[in-house]
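# Structural overview
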Amino acid sequence: MPRLDDGGRMREAVAEVEKIYRELDSRPVERHCTGLGDCCRFRLTGETPYLTRGEALVAARAWKATGRRDLPVRPNGDCPMLSGLGRCLIYNARPMGCRTHFCDAAGGPLPRRDVIDWIRRLEALDARLGGDGPRRIGPALEDALNAKA
Ligand code: SF4
């Protein structure tokens, strides 16, 4: 089983996840996110994104590219990637859940059946990386930030 600290495997995984995101983004959807950031306030929504290992690696790489290393603690329950101005600091690398779970004002979440193929690819990649399924964004990112690339 490939290990998370296998640099070659990790780079391949990052490329595969970015390909999935590009495919997803290139598909037209009738949703209109206005960047309110409400979906990034987990205490408000009662929901937290879950990330596969590949997604976490991509998010961690984008986080490091901002010049940051550690994840901030958000006592208010906001996503650690949310800036004080209410913007995602890793927007282009945001996970699958953030790309598909639109708030009601934006048109609502995409039906799972419409994105299931991409989800399955991310889960298959997770298994190849030795993961055991999607995990909450905080712990998933902590592990990815600590992984050797
Ligand atoms: S990763 Fe970005 S888009 Fe997703 S919940 Fe966090 S701040 Fe919001």
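Look above for the structure.
Note that the structure is predicted; figures quoted are calculated from it, not measured.

### Some thoughts on the overall build of the chain
Check the secondary structure of the chain and you find 6 helices and 2 strands. Its helices and strands in sequence order give the chain the pattern α-α-β-α-α-α-β-α, from N to C terminus. Across its three principal axes, the chain shows a C-alpha extent of roughly 40 × 35 × 25 Å. A total of 149 residues make up the chain; the buried ones form 26% of that total. Within the chain, contacts between residues at least 6 apart in sequence are counted, and of these 83% link residues at least 24 apart.

### Structural notes on the site of the ligand
Around the ligand, the structure places Cys40, Pro49, Cys79, Met81, Leu82, Cys88, Ile90, Arg94 and Cys98. Partitioned by chemical class, the residues of the shell around the ligand number 8 nonpolar, no polar and 1 charged.

### Side note on the nonpolar core
Among the nonpolar cores identified, the biggest contains 27 residues, and Val17, Ala56, Leu57, Ala59, Ala60, Leu141 and Ala144 are the most heavily contacted of them. Counting only elements with at least two residues in this core, the list comes to helix H1 (7-26), helix H3 (53-65), helix H5 (112-128) and helix H6 (137-146). The element that contributes the greatest number of residues to this core is H3, accounting for 6 residues. Setting aside chain neighbours within four positions, we find alanine 60 in contact with Leu141, Ala144 and Leu145.

What counts and what doesn't
- Residue positions within a chain follow its written sequence, with the count starting from 1.
- Totals for whole chains, interfaces and linings use all residues, but because this is a predicted model, local features are given only for residues with pLDDT of at least 70 and pairs of side-chain atoms are given and counted only at 80 or more.
- In DSSP terms, a helix is any run of H or I states spanning at least four residues, a strand is any run of E spanning at least two, and both are numbered starting from the N terminus.
- Between the buried cut of 20 or more and the exposed cut of 12 or fewer other C-beta atoms within 10 Å of a residue's own C-beta lies the partly exposed class, and all C-beta atoms are placed from the backbone.
- We call two residues in contact whenever the C-beta atoms placed from their backbones are within 7 Å.
- By convention here, the C-beta atom is placed from the backbone, and a residue is near a molecule or strand when that atom is within 6 Å of it.
- Any residue outside Ala, Val, Leu, Ile, Met, Phe, Trp, Tyr, Cys, Pro, Asp, Glu, Lys and Arg is labelled polar, Gly included; the first ten of those are nonpolar and the last four are charged.
- Buried Ala, Val, Leu, Ile, Met, Phe, Trp, Tyr and Cys residues whose C-beta atoms connect them within 7 Å together make up a nonpolar core.

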